[in-house]
Amino acid sequence: MAELSDQAQEILAFEREWWRYATAKEQAVRDRFGMTVDDYYRTLSQLLDSDAAMSHDPLLVRRLRRLRATRRRHRAARRTS
């Protein structure tokens, strides 16, 4: 099984505690990771689908997967109504 990169581990740690930052999450992403918000969320989504992330922090990954699935369902429901 592949191990997580340092950046992947930092992203999971950030997701665990981003609410502690005084700045908005988007600004904290730019400051901490030096990437656009779109790139960050694309990277996070790919990370959530990896077995390595699940092994590293199963509770966080399951929670984030549930939130992602809920958002997808809400977007799909808006498109069909």
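All residue numbers here refer to positions counted from 1 along the written sequence of the relevant chain. Reporting of local features is limited, given that this is a predicted model, to residues whose pLDDT is at least 70; pairs of side-chain atoms are given and counted only at 80 or more, and all residues count toward the totals for whole chains, interfaces and linings. Remark: hydrogens and water are excluded; side-chain values derive from all non-hydrogen atoms of the structure.

1. Re the pattern of salt bridges
Close approach of charged atoms allows side chains of opposite charge to pair. For clarity, the cut-off: Salt bridge, as used here, is a side-chain nitrogen of Lys or Arg placed within 4 Å of a carboxyl oxygen of Asp or Glu. Here a strand is any run of E in DSSP of at least two residues, a helix any run of H or I of at least four, and the numbering for each starts at the N terminus. For each residue, the accessible area found with a 1.4 Å probe, counting protein chains only, is set against the maximum for its type, and the residue is called buried under 20%, exposed over 50%, and partly exposed in between.
With the rule as written, the count across this model stands at 4 salt bridges. For R16, the salt bridge goes to D57, with nearest N and O atoms at 2.7 Å. Pair noted here: R16 is in helix α1 (residues 6-17) and D57 is in the loop between α4 (51-56) and α5 (58-80), with a separation of 41 residues, a long-range link. For R16, a relative accessible area of 38% translates into the label partly exposed. On the basis of relative accessibility, which here comes to 14%, the residue D57 falls in the buried class. Note that D39 and R42 form a salt bridge whose closest N and O atoms lie 2.6 Å from each other.

2. Thoughts on a nonpolar patch on the surface
Counted only if it meets this: Patch definition: residues above 30% relative accessible area lacking any salt bridge, with like charges linked at up to 9 Å and the nonpolar side chains Val, Leu, Ile, Met, Phe, Trp and Tyr linked at up to 5 Å. Reported accessibility uses the Shrake-Rupley method at a 1.4 Å probe radius. Residues are deemed covered only where the shown protein chains occlude them.
A cluster of nonpolar residues, W18, W19 and Y21, forms a patch on the protein surface that exposes about 330 Å² of accessible area. Mapped onto the secondary structure, Y21 falls in the loop between α1 and α2 (25-33). Using a relative accessible area of 32% as the deciding quantity, one classes Y21 as partly exposed.

3. With respect to the packing of aromatic side chains
Defined as follows: Two rings belonging to Phe, Tyr or Trp (six-membered ring only in the last case) form a pair when the distance between their centres is within 6.5 Å. Interplanar angles under 30 degrees mark stacking, angles over 60 mark edge-to-face geometry, and anything in between is tilted.
What the rule picks out here adds up to 4 aromatic pairs. Ring centres of Y40 and Y41 lie 5.3 Å apart, and the angle between their planes is 80°; this geometry places the pair in the edge-to-face category. Look at Y41 and you get partly exposed, because its relative accessible area is 33%. Each residue in the set F14, F33, Y40 and Y41 is aromatic and connected to the rest through ring pairs, giving one cluster.

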